[in-house]
Amino acid sequence: MNTTKQQPMNAGVIGDPVEHSLSPLLYTRWIKKTGIHARYDKIHATPQAFEKTVKKCFSSPLFMGMNVTLPHKRAALALSDKASEAAQKTGAANLLVRKGEALYAENTDIEGFLGPLLNKGAKRDWRDRKIVVVGAGGAARATLVALMQLDPSEIVIINRTNEKAAGLVKAFGSGVRAERWSVRNDVLEGVALLVNASAAGMRGMEPLDIKLDKINANALVYDLVYAPTNTNLLKRAKAQGLSTLGGLDMLIGQAMPSFKAFFGINAPADKAIKSALIKAEARMRQ
Ligand code: NAP
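Note that the structure is a prediction, hence the values are computed from the model and not measured.

How each quantity is defined
- Residues numbered from 1 in each chain as written.
- Predicted model: local features only at pLDDT ≥ 70, side-chain atom pairs only at ≥ 80, totals over all residues.
- Heavy atoms only, no water.
- Pairing = 2+ DSSP bridges.
- Helix = DSSP H or I, 4+ residues; strand = E, 2+ residues; numbered from the N terminus.
- Axes fitted to C-alpha atoms, helices over the stretch in contact; angles between N-to-C directions.
- Contact = heavy atoms within 4.5 Å.
- Near = heavy atom within 4 Å.
- Polar contact = N/O pair within 3.5 Å; in protein donor to acceptor, adjacent residues only side chain to side chain.
- Areas by Shrake-Rupley, 256 points an atom, 1.4 Å probe, with all protein chains shown as cover.
- Nonpolar A, V, L, I, M, F, W, Y, C, P; charged D, E, K, R; others polar.
- Domains from an automatic or database assignment.
- Buried < 20%, exposed > 50% of the residue type's maximum accessible area, 1.4 Å probe, protein only.

Colleague: Any chance you could explain the sheet that holds strand S10 (residues 191-196) here in plain terms?
Modeller: Sheet strands pair via backbone hydrogen bonds, and the direction of the pair is either parallel or antiparallel. Across the sheet, six strands lie side by side as S9-S8-S7-S10-S11-S12; this open sheet has parallel pairing. Of all the strands in the sheet, the pair left with one neighbour each is strand S9 (176-178) and strand S12 (243-245). Strand-to-strand twist across the sheet, computed as the mean angle between neighbouring axes with direction ignored, equals 20°. The pairing of strand S7 (residues 130-134) with S10 spans five bridges and is parallel. Bridging across to S10, Lys 130 finds its partner in Val 191. Seen against the sheet, helix H9 (residues 232-239) touches S10, strand S11 (220-223) and S12 and runs at an angle of roughly 165° to S11.

Structure follows, in structure tokens:
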């Protein structure tokens, strides 16, 4: 009897932490809807164990690929044999798949980030507007690549560790500048879009320490954090009448091309996915 044929295809999300991830719920739902024989798991790996864990996963012929979450997105690109133009431009990958013999790195965070922004901000023109991005990790890099396509007047990066923000300015060049963390509240003056691409506000972490007093009254606050769905930053922004966007739409947007890359078929139409994720996240908090 050939037991290999009866084993499911495997995929997963690798991170540290990874407990908060809603990806297993999302993919498991799509796996059921499409009827494919597959499973999707959380894979915990510290930075020290990252390379070994990735290699072990891909040593199984049934392992189709992995989403990569914090803090491994730079390491994922470095470990790959080949990378898409998007991943190279970003300097980070959120997706690793097998392509022939090669480990292939992709970045679907860029389209995942842009889709909800262009939807929500359909009537807004980000050209010649000031945008502030908080964070300087993998998500911030994808955010910068996406935002540079929108021709804002300037993108200001602020990060708790100032040197990392300066590093991004070097990597991304003109149109992007860094300000020091100590002046983060003042930097919001005249801002049309504030993006939290840092891990601050995630479940188990402290809220983002930034005051919204100086931000434009018609600004949009986009928090990439999705667990919790209604972060402290979003609550404060809503309380002061600002438009807001949470991270769930981005999570769904970046997952659709990943699903195709893992299993070779399109993600199913699923209008109820967002409400299912909101409910699941609330249950995880109990
Ligand atoms: P990362 O590469 O590990 O970078 C983490 C960033 O967060 C660093 O810039 C770090 O600053 C900053 N940070 C951590 N704790 C902080 C705090 N208490 N106050 C201020 N800054 C803090 O992580 P990542 O991959 O960029 O992910 C960042 C966040 O984006 C995570 O919450 C992740 O879940 C979210 N994300 C969401 C989606 C989605 O689909 N919605 C997609 C991608 C990422 P230092 O440099 O000072 O350490």
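Colleague: Help me understand the site of the ligand in this model?
Modeller: Surrounding the ligand, one finds 27 residues, the nearest of these being Ala 139, Asn 159, Arg 160, Thr 161 and Gly 247. In this structure, Ala 139 approaches the ligand through a main-chain N or O atom, which is 2.8 Å from an oxygen atom. Here an oxygen atom of the ligand and a side-chain polar atom of Asn 159 are 2.7 Å apart. Here the ligand has 930 Å² of accessible area as a free molecule, and 90% of this is covered by the chains. Breaking the shell around the ligand down by element, the ones donating at least two residues are helix H6 (138-148) and helix H10 (248-263). At three residues, H10 tops the list of elements feeding residues into the shell around the ligand. Here the shell around the ligand is composed, by residue class, of 14 nonpolar, eight polar and five charged. Two domains each donate at least three residues to the shell around the ligand, and these are domain 1 (4-108 + 251-269) and domain 2 (110-248).

Colleague: When you look at the side chain of Asn 94 in this model, what are you seeing that I'm missing?
Modeller: If you trace the backbone, Asn 94 turns up in the loop between helix H4 (85-90) and strand S5 (95-99). Looking at Asn 94, the relative accessible area reads 2%, which means it is buried. A distance of 2.8 Å separates a polar side-chain atom of Asn 94 from the backbone nitrogen of Thr 108.

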